[in-house]
Amino acid sequence: MNIGVAGIVLLVILGLLLFGPSKLPQLGRAIGATLSEFKRGARGLIDDNEKSEKEK
């Protein structure tokens, strides 16, 4: 599923209209931190699952 350049431009314009230019960097940092935490948690679950399968 590719968004493409036009899709990214549309999302940026929509974000500017909804949140304004002053809130957009804060929103980006919050989304980045959330995705990072989600990836870390998912990686932990996968590692735990692999360890339990090796013990069997």
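Residues numbered from 1 in each chain as written. Predicted model: local features only at pLDDT ≥ 70, side-chain atom pairs only at ≥ 80, totals over all residues. Heavy atoms only, no water.

Caption draft 1: Main features of the pattern of salt bridges. Following the criterion strictly, the structure yields 1 salt bridge and no others. The partner of Arg40 in a salt bridge is Glu37, and the shortest N-O contact between them spans 2.7 Å. Taken as a pair, Arg40 and Glu37 lie in helix α2 (residues 24–55) at a separation of 3 residues, close to a single helical turn. Exposure remark for Arg40: the relative accessible area of 46% places this residue in the partly exposed category. Judged by relative accessible area, Glu37 falls into the partly exposed class, the value being 48%. (Salt bridge = Lys/Arg side-chain N within 4 Å of Asp/Glu carboxyl O. Helix = DSSP H or I, 4+ residues; strand = E, 2+ residues; numbered from the N terminus. Buried < 20%, exposed > 50% of the residue type's maximum accessible area, 1.4 Å probe, protein only.)

Caption draft 2: A nonpolar patch on the surface, seen in detail. A cluster of nonpolar side chains, contributed by Ile3, Ile8, Leu11, Val12, Leu14, Leu16, Leu18 and Phe19, occupies part of the molecular surface with about 770 Å² of accessible area. Relative to the helices and strands, Phe19 resides in helix α1 (residues 4–19). (Patch = residues over 30% accessible without salt bridge, like charges linked within 9 Å, V, L, I, M, F, W, Y side chains within 5 Å. Areas by Shrake-Rupley, 256 points an atom, 1.4 Å probe, with all protein chains shown as cover.)

Caption draft 3: Structural context of the environment of Asn2. Note that Asn2 resides in the segment before α1. Overall, the relative accessible area of 79% leaves Asn2 in the exposed class. In this structure, the C-alpha to C-alpha distance between Asn2 and Leu35, residues 33 residues apart in sequence, is 19 Å.

Caption draft 4: Region of interest: a negative patch on the surface. A contiguous patch of negative charge, built from Asp47, Asp48, Glu50 and Glu53, is present on the exposed surface. Of note, Glu50 is situated in helix α2. (Lys, Arg positive; Asp, Glu negative; His and termini not counted. Charge placed at Lys NZ, Arg CZ, Asp CG, Glu CD.)

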